[in-house]
Amino acid sequence: MYVYDEHDRQIAAERVAQFRDQTERALAGELAEEEFLPLRLQNGLYVQRLAPMLRIAVPYGMLRADQLRRLARITRDYDKGYAHFTTRQNVQLNWPALEDVPDILAELAEVEMHANQTSGNCIRNTTTDQFSGVQSDEIADPRPYCEIIRQWSTFHPEFAFLPRKFKVAVNASEKTDRAAIQVHDIGLQMVRNDAGDLGFRVHVGGGLGRTPMVGPVIRDFLPEADLLTYLEAVLRVYNRYGRRDNKFKARIKILVKALTPEAFAEKVEAEWSHIKDSPSRLTRDAIDRIQAYFTEPDYQSVDNATELLAEQRFEHRGFDQWLSHNVDTHKKPGHAIVTLTMKETGTPPGDVTDRQLEQIADLADEFSFGEVRVTHQQNVVLADVRQDRLLELWQAVVPMGFGTANLNTLTDVICCPGGDFCALANAKSIPVAEAIQRRFDDLDFLYDLGNIDLNISGCMNACGHHHVGNIGVLGVDKKGQEFYQISLGGSSHHDATIGKILGPSFAREDMPDVVAKIIDVYVDKRTEEETFLDTYRRVGIDPFKERVYA
Amino acid sequence: MPDVISQDGSIRQDDWIVVPRPAEGESLDIPEQSKALIPADLWLAGYEHFTGRDDIGVWFDSHDEPEMLAGKFQELPVIAVNFPKFSDGRGYSIARLLRERFGYANELRAIGDVLLDQLQFMKRCGFDAYVLRADKDINKAARCLNFFSQGYQAATDTDLPLFRRRAS
Ligand code: HEM
Ligand code: SF4
């Protein structure tokens, strides 16, 4: 994992001092509310429905045990003893006091953490696949490139006041996309060209929100050395020509669509031609230096524990289920990737208490070289677990509440905080997630249904990614009453698709029934081997409509 | 007359007047006694008349394309870029283009809704003079220009990004 050097430490300390000064000036009335707003947002500080909210950056989802423990202490000392893992691999605190935020930032800086650019109209936290570096099918480890982007985008003087927020995601696997890159402002797919050189396929102009779009490819192959200069060219074109007159039309996706992807790409190439060979072109030395932070941990050579696991599964049915669903293969023999689903029914998806944060830290130390990753599905990954210790790990996590073996099933819901916490919400989303989880509490049935992405957002902003859920739920407001609209067929993977709206919305109490009817149609129509999405794509939306609105 | 802040934080009297864009049908009202900054397109339109004068400079608005003066920048003693709203970040790109693409070497000043917390970004993008919005405390400018002792990126204040400086 990346470790700060003296430069990073100094910049982090200067940032804390700067924000302390800004907060003091704001509290003293020297900064108007509208002037302080972008400054506090660029430090992750929202003012929310019930209290301020602080969004803490977790660059590309990586956290060390000491950082988890510090987060736990911060939630205890400055908040109500819990935090929230978000769909952008960040952590949110829901109740900090404004005056305390500089102190919280100082505490974070001590463990090499920050809240820089987690909000506001600037380049946000760069996200990636939570299985980076440990799976066998990736082109190369994307995390060094994410770190290179993190440094470049941090306090970028030209791009701190963009027309809108700007999100970059990187994916390295050829088979899957766990980072949803095609619904980001810039999505970078790592590829190799015919000569075997490493580079990126560049998607620009994807996004969710009010006008969801899948980002078109504007360059098939960008050599790795050109990463930063090309990003700079894209951002400069966006900064100059993106719309600023209407906040809903200010995203880069609107510009790309208005110009056409081809014309947009030409503008970028023209801009890039001037800066391509500037000193910002990455050097081999710089790439190597960052890559050196992401080398393999000290894996012991262990044999595959296949026989042992077979025996253990036989004895413990719950373990068997967990192995089949929450444990993935690892590139190193004898190791495994474990996902702890933070989706116990009755707990808001992504919520963790201070105690749980410490428990996760202990698990990381004990089982996975002191590191974890946060996923955009609001789960936590222990990426380097020895196979012969899986049973022990499982026995430890079940009582903690994150041993639910439902990864990628219908109850592994992505859910935004909605009306319970978020000032922008039109409807609550957490109770909807909970009601559906209660309805589908039979694991065998869930396994039979296979992978289904159910995503819930409490408003058009789509934090919960409802547009790209196989089943998407969107909270809407009608004359002060909460209703829920369903969309079907969305996907955030390599086959990224925006879901189609089923029809008129439903009352909250009907939601479990509605989802059950949708599932019934799938069960009736599917052929063996078909996932929910396959069936939907084959039969179309009508059979679902007929059943649900019958 | 307002004060102007230099890149090093020092404060001096401003002897330039920003001439607003004339309304439809009106003509440019250039003051007799003072040096004047006029809208860039009007300078271009009256090029024969204005070129070579050291008392006339131009200002760009945030939506202007500085490319319109390509090849002529060195003739200008001062260029100002207007920030109609501090949250409109187009002026930063304009500044970098002027410095890095067009090699403009004379004074480049930020005008308009110029606040303290944006000064360092402006400096890094190539502005070397700033006219702060009148209600802001000019004595805090020097500190705000230097909150950070270095930046990660290459910009006009350093052509070496941190990753290159680290290597040396
Ligand atoms: C609690 C306070 C929150 C506020 C005020 C908030 C605000 C917003 C807003 C205004 C958007 C605008 C999207 C657009 O116009 O395109 C947005 C998008 C988004 N938010 Fe949140 N959010 C909050 C919490 C969260 C949480 C908890 C998550 C993760 C679970 C999240 C993840 C996202 C994501 C992924 C998007 C992206 C949609 C896109 O790609 O356009 N947000 N949020
Ligand atoms: S989707 Fe809407 S309600 Fe949910 S967190 Fe985002 S802004 Fe809030």
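The shown structure was predicted, so the numbers you read here are calculated from the model rather than taken from an experiment. (Residues numbered from 1 in each chain as written. Chains lettered and ligands numbered in written order. Predicted model: local features only at pLDDT ≥ 70, side-chain atom pairs only at ≥ 80, totals over all residues. Heavy atoms only, no water.)

1. Observations regarding the overall build of chain B
Check the secondary structure of chain B and you find six helices and eight strands. Going residue by residue from the N terminus, the α and β elements of chain B occur as β-β-β-β-α-α-β-β-α-β-α-β-α-α. Relative to its length of 168 residues, chain B is compact, with a C-alpha radius of gyration of 16 Å against a globular reference of 15 Å. Judged by the C-alpha coordinates and their principal axes, chain B covers about 55 × 35 × 25 Å. (Helix = DSSP H or I, 4+ residues; strand = E, 2+ residues; numbered from the N terminus. Rg over C-alpha atoms; globule rule 2.2 N^0.38 Å.)

2. Topic: the overall build of chain A
When helices and strands are counted, chain A shows 19 helices and 21 strands. Relative to a compact globule of 550 residues, whose C-alpha radius of gyration would be 24 Å, chain A shows 23 Å and is just as compact. Taking the principal axes of its C-alpha atoms as reference, chain A extends roughly 60 × 60 × 55 Å. Considering chain A as a whole, with its 550 residues, one finds that 64% of them fall into the buried category. Long-range pairs, those at least 24 residues apart, make up 68% of the contacts in chain A with a sequence separation of at least 6. (Buried < 20%, exposed > 50% of the residue type's maximum accessible area, 1.4 Å probe, protein only. Contact = heavy atoms within 4.5 Å.)

3. A word on the side chain of Ser 505 of chain A
All names here are of chain A. Within the secondary structure layout, Ser 505 lies in the loop between strand S20 (500–501) and strand S21 (506–507). Side chain to side chain, Ser 505 and Lys 478 meet in a polar contact 3.2 Å long. Dropping the residues within four chain positions of it, Ser 505 is found in contact with Val 476, Lys 478, Phe 483, Tyr 484 and Gln 485. (Polar contact = N/O pair within 3.5 Å; in protein donor to acceptor, adjacent residues only side chain to side chain.)

4. Describing the coordination of the iron atom of ligand 1
Among protein atoms, the single one acting as a donor to the iron atom of ligand 1 is Cys 463 of chain A (SG), 2.1 Å away. Within the secondary structure, Cys 463 of chain A is located in the loop between strand S17 (454–457) and strand S18 (471–478). (Donors = N, O, S within 2.8 Å, 3.2 Å for Na, K, Ca; no water.)

5. Quick word on the site of ligand 2
Around ligand 2 lies a shell formed by Cys 416, Pro 417, Gly 418, Cys 422, Leu 424, Ala 425, Ser 457, Gly 458, Cys 459, Asn 461, Ala 462 and Cys 463 of chain A. Split by residue class, the shell around ligand 2 holds eight nonpolar, four polar and no charged. (Near = heavy atom within 4 Å. Nonpolar A, V, L, I, M, F, W, Y, C, P; charged D, E, K, R; others polar.)

6. Here we look at the sheet that holds strand S7 (residues 168–171) of chain A
Residue and element names in this part refer to chain A. Strand order in the open sheet made by the five strands is S6-S7-S8-S9-S10, with mixed pairing throughout. Both outer strands of the open sheet, strand S6 (127–128) and strand S10 (217–223), are each paired with one neighbouring strand and no more. For S6 and S7, the ladder comprises two bridges, and the chain directions are parallel. When the bridges of S7 are listed, Thr 128 appears paired with Val 170. (Pairing = 2+ DSSP bridges.)

7. Re the nonpolar core
Side chains that are nonpolar tend, in soluble globular proteins, to be buried together. Residue and element names in this part refer to chain A. In this structure, Trp 322, Val 338, Leu 340, Leu 363, Leu 382, Leu 390 and Leu 393 are the most contacted members of the largest nonpolar core, which totals 59 residues. Residue contacts for Leu 393: discarding those within four places in its chain leaves Trp 322, Val 338, Leu 363, Phe 367, Leu 382 and Val 385. Formed by 52 residues, the second largest nonpolar core is a distinct cluster that contains Ala 140, Ile 186, Leu 222 and Phe 264. (Core = buried A, V, L, I, M, F, W, Y, C linked by side-chain atoms within 4.5 Å.)

8. Structural notes on the site of ligand 1
Residues and elements named next belong to chain A. Surveying the vicinity of ligand 1 reveals 24 residues, the closest of which are Thr 87, Arg 164, Lys 167, Arg 251 and Cys 463. At 3.5 Å from a nitrogen atom of ligand 1 is found a side-chain nitrogen or oxygen belonging to Arg 55. One of the side-chain nitrogen or oxygen atoms of Arg 164 is found 2.5 Å away from an oxygen atom of ligand 1. Residues that form the shell around ligand 1 fall into these classes: nine nonpolar, nine polar and six charged.

9. Re the pattern of salt bridges
Residues and elements named next belong to chain B. Summed over the entire model, instances satisfying the criterion amount to 69 salt bridges over all chains. Here Asp 113 and Lys 85 are joined by a salt bridge, their closest N and O atoms 3.6 Å apart. Highlighted residues: Asp 113 in the loop between strand S7 (107–112) and helix H4 (119–124) and Lys 85 in the loop between strand S6 (78–83) and helix H3 (90–101), separated in sequence by 28 residues. Its relative accessible area of 9% is what places Asp 113 among the buried residues. A residue is classified by how much of its surface remains accessible, and Lys 85, at 34% relative accessible area, is partly exposed. (Salt bridge = Lys/Arg side-chain N within 4 Å of Asp/Glu carboxyl O.)

10. A few points about the pairing of strand S4 (residues 82–85) of chain A
Residue and element names in this part refer to chain A. Strand direction decides the pairing type here: S4 and strand S13 (residues 351–353), joined by three bridges, are antiparallel. Its bridge partner lying in S13, Tyr 82 is registered against Thr 353. Sheet topology places S4 next to strand S5 (residues 91–93); two bridges connect them, and they run antiparallel. Each residue of the ladder has a partner; that of His 84, found in S5, is Gln 92. Between S4 and the antiparallel strand that follows it, S5, lie five residues; Gln 89 among them carries a positive phi value of about 60°.

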